Amino acid sequence: MKSNRFLFVLILLIFCGGILAATKAHTKKERFSLTAYNFGSLGKLSPEEQIQTLKKTGYTGIILNSETQEDLDNLDLFFKETKKTSGFSVHAIMARYNFTDPNREKWKSLVDTIAGRGIELWIIFGKKKEGITDSFIEEKLREVVLYSAKKHVRVILYPHSLCYIASAEAALPFVEKINAPNLKLAIHLCHEIRAGNGNRMDEVFEHVKGKIGAVTLAGTDSVADFTSNLTMDKSTIKPIDAGNYDLRKFILPLLKSDYMGKVGFINFKIEENPETYLKHSIRVWESLLTKKN
């Protein structure tokens, strides 16, 4: 057992130098630049149109899904388009590890696909299932982290409501225990609202400081509507500034944090004209960043 742990640490030290260097390379200009998921009405466009729309409206990257075969088939199209689009990149690819999915180990092929491209792997552990324990999650995540380190891929543990890990603070013990240079956690406003943390975001940021590797937000109501999955989504994922939640409760702790990366705008099931809501949202975002109180 000790020899396995030694090997784990050795490989991380050898292969994570590039990741650490890239992390330190963030410039002030890159900090808090906005990226967006390819969800909602935006996701109905072709990969080329999605990137052109995001670039035109001021976004610096895109976060891709990998749930369907079409998602996987389109990856090369996204890579080719971003390669010829200056100042724009694929920010991350999400991988969902659903415990009953026979294809749940596809994360490995995704890591192979994004190796050397500077793209992060955002991993979600799915809905709780009898027999799945913290020990299983830790060992599986350790496996993902070690394999990804060999490929110079950064891993973000992605909290998601109604799943095994539902908030940033719930993700923290796993990140701390594995303690790998290429493993961080995400803070998602919509999932923190659903976890009841909307009024204590300053505490959340403080609690997980030093371990934050990704941040996302959207407009949201202060309290999630759990009447149905649709109302839950609609009440917590809106164009930025829509909803009755005061985004300063999220942005002020973010500004005070040591997080230096980009911020993702989650647009799940937002069906408005993509160019319209994307342009409006980024203007609101830039305005919010300049307000100190």
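Not measured: the values here are computed from a predicted model.

Draft legend 1. Seen up close, the overall build of the protein. Each helix and strand counted, the protein has 13 helices and eight strands in total. In the protein, which comprises 293 residues, the share counted as buried stands at 54%. If you take every contact in the protein between residues at least 6 apart in sequence, the share linking residues at least 24 apart comes to 79%. Here the protein displays about 13,800 Å² of accessible surface, and carbon together with sulfur accounts for 52% of that area.

Draft legend 2. Examining the side chain of Glu-192 more closely. Inspection of the secondary structure puts Glu-192 in helix α9 (residues 189-194). No salt bridge is formed by the buried Glu-192. Its closest oppositely charged neighbour is Arg-200, at 5.9 Å. Contacts of Glu-192, omitting those with residues within four sequence positions, involve Ser-167, Ala-168, Ile-187, Asn-197, Gly-198, Met-201 and Val-204.

Draft legend 3. Looking closely at the pairing of strand β3 (residues 89-97). Of all nine residues that make up β3, seven are buried, and the element is covered over most of its length. Sheet topology places strand β2 (residues 61-64) next to β3; four bridges connect them, and they run parallel. Counted as the bridge partner of Gly-61 is Ser-89 from β3. In this structure, β3 lies alongside strand β4 (residues 120-125), joined through six bridges in parallel fashion. Counterpart to Met-94 in the pairing with β4 is Trp-122. Following the backbone out of β3, through helix α6 (residues 107-114) and into the adjacent parallel β4, one traces a crossover that is right-handed.

Draft legend 4. Geometry of the packing of aromatic side chains. Under the defined criterion, the tally for this structure stands at 14 aromatic pairs. For the ring pair Tyr-37 and Trp-122, a centre distance of 6.3 Å and an interplane angle of 65° mean the geometry is edge-to-face. Of this pair, Tyr-37 sits in strand β1 (residues 34-37) while Trp-122 is found in strand β4, placing the two residues 85 residues apart along the sequence. Each of the two residues, Tyr-37 as well as Trp-122, counts as buried. Ring centres 6.4 Å apart and planes at 75° place the aromatic pair Phe-99 and Tyr-164 in the edge-to-face group. Taken together, the residues Phe-99 in the loop between β3 and α6 and Tyr-164 in the loop between β5 (155-157) and α8 (168-178) connect sequence positions 65 residues apart. By the burial criterion, Phe-99 is buried, and Tyr-164 matches it. Each member of the aromatic cluster is reached from another via a ring pair, and the members are Tyr-37, Phe-39, Trp-122, Tyr-158 and Phe-268. Directly above the aromatic system of Tyr-147 lies the positively charged group of Lys-108, at a separation of 5.2 Å from the ring centroid. The lysine or arginine in question, Lys-128, covers the ring of Tyr-164, its NZ or CZ lying 5.7 Å from the ring centre.

Draft legend 5. Expanded view of the environment of Gly-261. Following the sequence through the fold, Gly-261 ends up in the loop between α12 (248-256) and β8 (263-265). Given the relative accessible area of 6%, Gly-261 is considered buried. Along the primary structure Gly-261 and Arg-31 are separated by 230 residues, whereas in three dimensions their C-alpha atoms are 5.0 Å apart.

Cut-offs used in this document
- Positions within a chain are numbered from 1, following the residues in the order the chain's sequence is written.
- Reporting of local features is limited, given that this is a predicted model, to residues whose pLDDT is at least 70; pairs of side-chain atoms are given and counted only at 80 or more, and all residues count toward the totals for whole chains, interfaces and linings.
- Excluded from the side-chain calculations are hydrogens and water; all other atoms, namely the structure's heavy atoms, are used.
- Secondary structure elements follow DSSP: runs of H or I no shorter than four residues count as helices, runs of E no shorter than two count as strands, and numbering proceeds from the N terminus.
- Only protein chains enter the accessibility calculation, which uses a 1.4 Å probe; a residue is then buried when its area is under 20% of its type maximum, exposed when over 50%, and partly exposed in between.
- Contacts: residue pairs with any heavy atoms within 4.5 Å of one another.
- The Shrake-Rupley method, run with a 1.4 Å probe sphere, supplies the accessible areas, and residue values consider only the shown protein chains as cover.
- By the counting rule applied here, Lys and Arg register as positive and Asp and Glu as negative, while His and the ends of each chain are not counted.
- The term salt bridge refers to a pairing of a side-chain nitrogen on Lys or Arg with a carboxyl oxygen on Asp or Glu at a separation within 4 Å.
- DSSP calls a pair of strands paired once it identifies at least 2 bridges connecting them.
- Think of it like this: strands point away, you trace from the first strand over the helix to the second, and a clockwise trace means the crossover is right-handed.
- Here is the rule: rings of Phe, Tyr and Trp (six-membered ring for Trp) pair when centre to centre is within 6.5 Å. Planes less than 30 degrees apart are stacked, more than 60 are edge-to-face, and the remainder are tilted.
- In this analysis the charged atom, NZ for Lys or CZ for Arg, is taken to sit over a ring once it is within 6 Å of the ring centre and within 35 degrees of the ring normal.

Read these as layout, nothing more, since geometry by itself doesn't imply function.
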